[in-house]
Amino acid sequence: MSPNPPGEEQGPGPLWSEPGTLLEHVAVAVLGMDDEDRICYWGPGARRLFGYKATDVLTKPAAALFPAAPVDGTSAAQRLAERGRSLGYWRVRMPALHQDGTIFDCGFRVFPVTDHTGRSVIVGLASRGDELDRVKTNLAFLDALFETCPIGLVMLDEDQRYVHLNQALADMDGIPIADHIGRRMEDFMISSDGGAYQRMLRAVADEGRPVVSALVVLRTPGRPDRDQVRSVSFFPLSQAGDTRPGVGGLLVDVTDREQAIVEAAAGRQRLALLDRATARIGTTLDVDVTARELVEAAVPEFADASVVEVVEVVEWMDEPEVFDPDMPLVTRRIASGTTLPPPAPELVGGVERVTYPPGSTIHEMVSAGLPVRVPVDEEFTTRTVIHQARSQLLIESGLTNLLIAPLIARGTVQGIAMFGRSAARPVFTEQDLSLAGELASRAALCLDNARLYSQVQEIALTFQRALLPTALATSPSLRIAHRYLPGSHLTEVGGDWYDVIDLPGGRVALVVGDVMGHGVPAAAAMGRLRITTKALARQNLEPDDLLMELDACAQEAGIELATCLYISYDPGTGRARIANAGHPPPLLREPNGTVRIINNVLGVPLGVGGFRFDTLEIELKEGDTLALYTDGLVEARGKDIDEGIEALRSEMAGATGTLEETADGILAHLLPATPTDDTVLVLAHRTGKLRPGKGG
């Protein structure tokens, strides 16, 4: 450590602080004393504190910086140097002497260092006592403020991440202080303001515009069941040095004072929940899906657990039995969900059928036709839960109160919906009753629509099955494999049909058709065409003439659009005569695996009228296989029908199993898991030699 050259003024010394930091507000003087207690270093801060230039004090006794020595003759400078050497570090407050003769209180910290020559030097750091007291007071105030202030205090960085917060704010959030640090404020907010709160904070940080006493309504992950109204004030934190700017804030919980705002926010949340639930419930005409949608809409936002049960009937398509309050009510649980830990999942999902005894809360609720709120207590479990084990499970589940709503639509009791909350959430209110009633009403109507749709579907499917053949004609030289698959239960029954008919002269007719449309009308039209085709076939008509007659019948019956492929096969000659009314073409597989499409005999669909049909004759050789099918096998949304026919041709070309195995393989590879349309497939394989006889 070298002394400053005489008369030379230097810039800030090694302990001069950066602008904006704490030390900027407390001037620190740096000085050094040699073994003879003479001043050997004089920093710029020392000049400001004591008033002497370096040239005035270097090599001079340090005693000049202090008032006169006490009676014992030991100067303050000597005591500083002696204690610094003996203790290694000494901190003390003592009077100091300014150049102008004034005495001021000064704080010193002294410690020994060794310079580059090996000489021991006592370094002293000195600051005015009143400045130190002021900073200590400020720091003590800030510490006390963060530790004891009942108002929430927070410091955020420029990315709205927590840098510092007090216990009051942590208590408001219901989350420990340590879990906040480094995370964004938005992680601890659940609000329905469309991001307005976050935009307000961003404006404070980016534009330096303070916010004073703004009211916000929110929930936190630590208190998800409680709406809070907070009065918030935010202000920008000035940038210091190269540190990043941020935001400071004061937050006060004024929920009790602003209860009207809380209730309005709760009302908006209920409306938002109802709006979302309305959009989600009833997206399909499937009973189980509709029930699951109701549960998913309610849990966890509205309740901790929920179940949906439908009134038990012998068949779902039957009408539910009329509710009798004097008889047990049997329901089938078709959907459930919970966010609570075990044993709650077993409670809501561990049973399929539930029996409620007469006089139960369920009976009272259904009789009144209105939702009810009930506590989970001994009275409820005794009246409503038959099995003791289930009753105990309910008590242990953590649910403390239930809201039960009837599922009633068009005067018919469809079932019940239950919603449960644990002690961590408030009990259900009158407003919650109203919301549950709306949810249940919506779900009940969707369930009833699904039930009615299932009835219509079952009628159409039963009708269609009754009209499809139960036994097909046979021929010694022709082996038949046939498949009929209805569309999924979400798709209306179509008008697909097929038949194998005995003809005069030992011949056999292969027929596949499809009436455009779905439901009972399509099934009825299909039945009419099938019966008419069978009657016309036995009149020994040529295929093209038969289609002409069938077309006339379709027009008379008002069938506007239908397709039909008719093939007459003579086992005596091996010849097959083909006519086609707008139907997908048949495929012919030869024994060597070659598959060709017979598409040069296509005519207009039935019901159009005014056009003739043609007949094409081909030879069906031993080992050949004909494939007849409907468009449900080869047509799908987003895929051209020609692609589907090519896929079918590829499947037939690669077939190696029996005829039945080939039919199953084609369906397995070409149809989706849930077919959207009815599908017919008929495979006709010629076996053995030709039967002697005369073609007809």
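See the structure above.
Cut-off values and rules
- Residues numbered from 1 in each chain as written.
- Predicted model: local features only at pLDDT ≥ 70, side-chain atom pairs only at ≥ 80, totals over all residues.
- Heavy atoms only, no water.
- Pairing = 2+ DSSP bridges.
- Helix = DSSP H or I, 4+ residues; strand = E, 2+ residues; numbered from the N terminus.
- Axes fitted to C-alpha atoms, helices over the stretch in contact; angles between N-to-C directions.
- Contact = heavy atoms within 4.5 Å.
- Buried < 20%, exposed > 50% of the residue type's maximum accessible area, 1.4 Å probe, protein only.
- Patch = residues over 30% accessible without salt bridge, like charges linked within 9 Å, V, L, I, M, F, W, Y side chains within 5 Å.
- Areas by Shrake-Rupley, 256 points an atom, 1.4 Å probe, with all protein chains shown as cover.
- Salt bridge = Lys/Arg side-chain N within 4 Å of Asp/Glu carboxyl O.
- Lys, Arg positive; Asp, Glu negative; His and termini not counted.
- Charge placed at Lys NZ, Arg CZ, Asp CG, Glu CD.
- Core = buried A, V, L, I, M, F, W, Y, C linked by side-chain atoms within 4.5 Å.
- Parallel < 35°, antiparallel > 145°, perpendicular 65-115°, else oblique.
- Left-handed = near helix turned anticlockwise from the far one by under 90°.
- Nonpolar A, V, L, I, M, F, W, Y, C, P; charged D, E, K, R; others polar.
- Phe/Tyr/Trp six-rings, centres within 6.5 Å; stacked < 30°, edge-to-face > 60°.

> Describe the sheet that holds strand β9 (residues 223–237), and please don't skip the residues or the numbers.
Read from one edge of the open sheet, five strands run β7-β6-β10-β9-β8, paired in antiparallel fashion. Each edge of the open sheet is held by one strand with a lone partner, namely β7 (162–165) and β8 (211–220). Across the sheet, the axes of successive neighbouring strands diverge by a mean angle of 30°, strand direction being ignored. Of the strand pairs in this sheet, β9 and strand β10 (residues 246–253) are connected by eight bridges, and their pairing is antiparallel. Counted as the bridge partner of S233 is L250 from β10. The strands that helix α7 (residues 196–207) touches are β6 (152–157), β8, β9 and β10; relative to β9, the one it contacts most, it runs at about 15°.

> Residue-level account of the environment of I395, with values.
Within the secondary structure, I395 is located in helix α13 (residues 388–396). On the basis of relative accessible area, I395 is assigned to the partly exposed category, the value being 42%. In the structure, I395 is positioned 48 residues away from L347 in sequence and 9.9 Å away in space, judged by C-alpha atoms. The residues touching I395, leaving out its near neighbours within four places in the chain, are V376 and T381.

> Mind laying out a negative patch on the surface, listing which residues take part and the relevant values?
Negative charge collects at one region of the surface, where E635, D640, D642 and E643 lie side by side. When you line up the elements, E643 lands in helix α17 (residues 641–653).

> I'd like a rundown of the pairing of strand β11 (residues 305–311), residues and numbers included.
The element β11 is extensively covered by neighbouring structure, given that seven of its seven residues are classed as buried. When β11 meets strand β12 (residues 329–338), the two strands line up antiparallel, connected through seven bridges. Bridge pairing in β12 places S306 opposite G337.

> Report on the nonpolar core, specifying residues and quantitative values.
In this structure, L294, F302, V308, L403, L407 and F419 are the most contacted members of the largest nonpolar core, which totals 31 residues. Ranked by residues supplied to this core, first place goes to helix α14 (residues 430–467) with 10 residues. Residues within four places of F419 in sequence aside, it is in contact with A298, F302, A303, A305, S306, N401, L402, L403, F428 and A436. If you look at the next biggest cluster of nonpolar residues, it comprises 29 residues, including A46, A62, C106 and I122.

> Please give an account of the packing of α17 against helix α18 (residues 659–670) that cites residues and values.
The interhelical angle for the contact between α17 and α18, taken along N-to-C directions, is 140°, at an axis separation of 10 Å. Taken together, the axes of α17 and α18 are oblique relative to one another. α18 is crossed by α17, and the crossing has right-handed handedness. Seen from α17, the contacting residues are A647, L648, E651 and M652; seen from α18, they are G665, I666, H669 and L670. Of the residues in the contact of α17 with α18, the class split is five nonpolar, two polar and one charged.

> I'd like a description of the pattern of salt bridges, backed by residues and values.
Summed over all chains, the structure comprises 30 salt bridges. Notably, a salt bridge pairs D35 with R85, separated by 4.0 Å at the nearest N-O pair. One end of the pair, D35, is in the loop between β1 (29–33) and β2 (39–42); the other, R85, is in helix α3 (residues 76–87), with 50 residues separating them in the sequence. One salt bridge connects R421 with D432, and the closest N-O pair in it is separated by 3.4 Å. Taken as a pair, R421 in strand β16 (residues 412–422) and D432 in helix α14 lie far apart in primary sequence, 11 residues in all. Grouping residues by exposure puts R421 and D432 together as buried. What you see here is one network of salt bridges that share partners, running through E542, R575, R577, E617 and E619.

> Please set out the packing of aromatic side chains residue by residue, giving values where relevant.
What characterises a pair of aromatic rings is the spacing of the ring centres plus the angle enclosed by the ring planes. In the structure shown here, the tally under the stated rule is seven aromatic pairs. Taking the centre distance of 5.4 Å and the plane angle of 90° together, the rings of Y162 and F188 count as edge-to-face. Here the residue Y162 occupies a position in strand β7, and F188 occupies one in the loop between α6 (177–180) and α7, the gap between them amounting to 26 residues. Residues Y162 and F188 agree in their burial class; the two are buried.

> Lay out the pairing of strand β15 (residues 399–409) in plain terms, naming residues and giving numbers.
Extensive coverage of β15 is indicated by the burial of nine of its 11 residues. Alignment of strand β14 (residues 372–375) against β15, held across four bridges, turns out to be antiparallel. From the neighbouring strand, V372 faces β15, where its bridge partner is I404. Note that β15 and β16 share 10 bridges and pair antiparallel. Counterpart to N401 in the pairing with β16 is R421. Two successive antiparallel strands, β15 and β16, enclose a turn made up of two residues, where R410 displays a positive phi of approximately 55°.

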